[in-house]
Amino acid sequence: MDADVIVIGAGAAGMLAAGTAASHGARVMLLEKKDAPGKKILITGKGRCNITNHCSREELMQNIPANPKFLFGALQAFSIRDCIDFFEQLGIPTKVERGNRVFPQSDKAGDVVNALMCYLRDSGAELCPDTPVQGLKAAPGKGLEVTLERGEVLKAPSVIVATGGLSAPGTGSTGDGYRWAEKLGHSVKPLRPSLVPLETAEDWVWEAQGLTLKNVEASVSVNSKIIAREFGELLFTHWGVSGPVILTLSDWVVPALAAGSTVKLIIDLKPALDREQLDQRVQRDFSQYTRKQFKNSLGELLPKSLIPVIIRLSGIPEDKFIHQIMREERAKLVDLLKGLSITVSKARPIREAVITAGGINIKEVNPKTMESKLVPGLYFAGEILDVHGFTGGFNLQIAWSTGFAAGKAAAERSVMDSSPS
């Protein structure tokens, strides 16, 4: 055997799995197709790495829309507290920000990757960059064979596949693991983008591109029925909308679009005020500008780039004087501010998504060990599994916990296999 455990993919789950297996006494090889590990970690949290979320287990489960119960055992074995302690022991002090998001105090994702590389080195795991894998199959007799693109064949009793999904392919996630798993008999749940920006039908959106709205509430309307709401930050782009609120809501939008439904986003620009309070606010503003034109009266209510859009959508002539605006027109303006409607035409491509939804069917995987129920010695960890979370550090916590569970179980299996009968 070339190693006790071979891990394919040096992302978050793979690095944690390899270090865990090695620290439990296994001889570990970590194969990475790119020239360095942790490429996707470096771009998480806008380059700051949102390590996890400092919330309760119940809140964590609520932020995992796909198969949260499958993770119960892994999260018990490597909890949020374990995760924070783990990185602090590696010399990465953390801080908690809005929404209980946990970041390194340095605000540098590179520090997290460097700490994990030190963990690999100190645990004795062998990191092999620039080592793309061509295929994976069961070995004659016992164990598995990993065929490298350069032609070499490696053999180990245990192989952990942590190759990620289809999002951010530039980091190395190109769907290889799904193909290998299917050849070994596993089923893969349909893959789709999750936490992905959305394209919109209205042509006015491009006028607001670059504008970030904070503290707004966005709702998803599917066939005229509200199915989800989210509060936070939204960004207008040249093709549609993005930002944390939109990424989270995309998990409802994408399946609805696939089903052929009519999907709209309803943006409440002033969620802190109910309709009556907002009407009173508008009247106060209008009373200050009674002799000004409508186009010059909204500066305290709206960002500059959004004013022409709201004026046009309100139907109120921009050069109309404030004292001439009728009650019905003001009511329409208030309705618009409380319910700016945007039609979603499609999601951006999966390569632009933060995470891939779908993946290895969790019914075919042991939830405590991440071992395949079909192929002894085969393990899965991270995004390749049909489990994903919302934004806020939840997906990295999934990666850490499943990586830990797979690494520990694979190491224990190698010890059992090598012990005299």
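One structure accompanies this document, and this report is about it. These numbers come from a predicted model, not from an experiment.

**A short note on the overall build of the protein chain**
Stage number 1. When you go through the protein chain residue by residue, the secondary structure sums to 11 helices and 19 strands.
Stage number 2. Here the C-alpha coordinates of the protein chain stretch approximately 90 × 45 × 35 Å along the principal axes.
Stage number 3. Within the protein chain, the proportion of its 421 residues that are buried is 56%.
Stage number 4. When the accessible area of the protein chain is evaluated, it comes to approximately 18300 Å², of which 50% is carbon and sulfur surface.
Stage number 5. Each charge class in the protein chain was averaged separately, 49 positive and 46 negative side chains, and the resulting centres sit 3 Å apart.

**Some remarks on the side chain of Ser401**
Stage number 1. By the element assignment, Ser401 lies in helix α11 (residues 394–418).
Stage number 2. Engagement of the side chain of Ser401 in a polar contact is seen with the backbone oxygen of Phe78, the distance being 2.7 Å.
Stage number 3. With near-sequence residues (within four places) excluded, Ser401 lies in contact with Ala74, Leu75 and Phe78.

**Remarks on the pairing of strand β13 (residues 212–222)**
Stage number 1. When β13 meets strand β14 (residues 225–236), the two strands line up antiparallel, connected through nine bridges. Along β14, the bridge assignment pairs Ala218 with Glu230.
Stage number 2. Hairpin connection of β13 to β14: two residues between the antiparallel strands, including Asn223 at a positive phi of 50°.
Stage number 3. Bridge count for β13 against strand β16 (residues 263–268) is six bridges, and the pairing is antiparallel. Of the residues in β16, the one forming a bridge with Val220 is Leu265.

**Some words on the environment of Leu90**
Stage number 1. In this structure, Leu90 sits in the loop between α4 (80–89) and β4 (94–97).
Stage number 2. Note on Leu90: relative accessible area 26%, which makes it partly exposed.
Stage number 3. Measuring from C-alpha to C-alpha, the distance between Leu90 and Leu75 comes to 20 Å, with 15 residues separating the pair along the chain.
Stage number 4. Non-local contacts of Leu90, meaning those with residues more than four positions away in its chain, are made with Ala115 and Tyr119.

**Describing the sheet that holds strand β7 (residues 133–138)**
Stage number 1. Read from one edge to the other, the open sheet built from three strands follows the order β7-β8-β9, with strand pairing classed as antiparallel. Looking along the sheet, the strands with just one partner apiece sit at the ends: β7 and β9 (153–156). On average, adjacent strands in this sheet sit at an angle of 20° to one another, irrespective of strand direction.
Stage number 2. As judged from the five bridges shared by β7 and strand β8 (residues 144–148), these two strands associate in the antiparallel manner. Residue Gly135 lies in a different strand from β8, and its bridge partner there is Thr147.

**Overview of the nonpolar core**
Stage number 1. Counting residues in each nonpolar core, the largest one holds 86 residues, and the members touching the most others are Ile6, Val146 and Trp400.
Stage number 2. Here this core takes 11 residues from α11, the largest share from any one element.
Stage number 3. Leaving out residues up to four positions away in the same chain, Trp400 has contacts with Ala12, Leu16, Ile41, Ile51, Phe78, Cys83, Phe87 and Leu116.
Stage number 4. Val216, Ala228, Leu257 and Ile307 belong to the second largest nonpolar core, which has 51 residues in total.

**A short note on the pattern of salt bridges**
Stage number 1. On inspection of all chains with the given rule, the structure shows 24 salt bridges.
Stage number 2. For Asp279, the salt bridge identified is with Arg330, shortest N-O distance 2.7 Å. Taken together, the residues Asp279 in helix α8 (residues 275–288) and Arg330 in helix α10 (residues 327–338) connect sequence positions 51 residues apart.
Stage number 3. Residue Glu329 pairs with Lys320 through a salt bridge whose shortest N-O separation is 2.9 Å. The pair formed by Glu329 and Lys320 is uniform in burial state, with each residue classed as buried.
Stage number 4. Connected through shared salt-bridge partners, Arg48, Lys95, Glu97 and Asp107 make up one network.

**Looking at the packing of helix α1 (residues 12–23) against helix α5 (residues 109–123)**
The angle between the axes and the distance between the axes are what describe a pair of packed helices.
Stage number 1. Packing of α1 against α5 brings their axes to within 8 Å, and their N-to-C directions diverge by 25°. Accordingly, the angle class assigned to the pair α1 and α5 is roughly parallel. Judged by the sense of rotation from one axis to the other, the crossing of α1 with α5 is left-handed. Packed against α1, whose contacting residues are Met15, Leu16, Ala18, Gly19, Thr20, Ala22 and Ser23, the element α5 presents Val113, Leu116, Met117, Tyr119, Leu120 and Ser123 at the interface.

**Remarks on the layout of surface pockets**
Stage number 1. In this structure, the second largest pocket spans a volume of roughly 510 Å³.
Stage number 2. Taken together, the elements giving at least two residues each to the lining of the second largest pocket come down to α2 (57–62), β13, β14 and α7 (244–258).
Stage number 3. Considered class by class, the residues forming the lining of the second largest pocket number seven nonpolar, 10 polar and six charged.

Reading the values: rules and limits
Residues numbered from 1 in each chain as written. Predicted model: local features only at pLDDT ≥ 70, side-chain atom pairs only at ≥ 80, totals over all residues. Heavy atoms only, no water. Helix = DSSP H or I, 4+ residues; strand = E, 2+ residues; numbered from the N terminus. Buried < 20%, exposed > 50% of the residue type's maximum accessible area, 1.4 Å probe, protein only. Areas by Shrake-Rupley, 256 points an atom, 1.4 Å probe, with all protein chains shown as cover. Lys, Arg positive; Asp, Glu negative; His and termini not counted. Charge placed at Lys NZ, Arg CZ, Asp CG, Glu CD. Polar contact = N/O pair within 3.5 Å; in protein donor to acceptor, adjacent residues only side chain to side chain. Contact = heavy atoms within 4.5 Å. Pairing = 2+ DSSP bridges. Axes fitted to C-alpha atoms, helices over the stretch in contact; angles between N-to-C directions. Core = buried A, V, L, I, M, F, W, Y, C linked by side-chain atoms within 4.5 Å. Salt bridge = Lys/Arg side-chain N within 4 Å of Asp/Glu carboxyl O. Parallel < 35°, antiparallel > 145°, perpendicular 65-115°, else oblique. Left-handed = near helix turned anticlockwise from the far one by under 90°. 1 Å grid on protein atoms, 1.4 Å probe; cavity = no way out; pocket = protein on both sides within 12 Å on 5 of 7 lines; lining within 4 Å. Points joined across faces, edges and corners; volume = space filled by probe spheres on them. Nonpolar A, V, L, I, M, F, W, Y, C, P; charged D, E, K, R; others polar.

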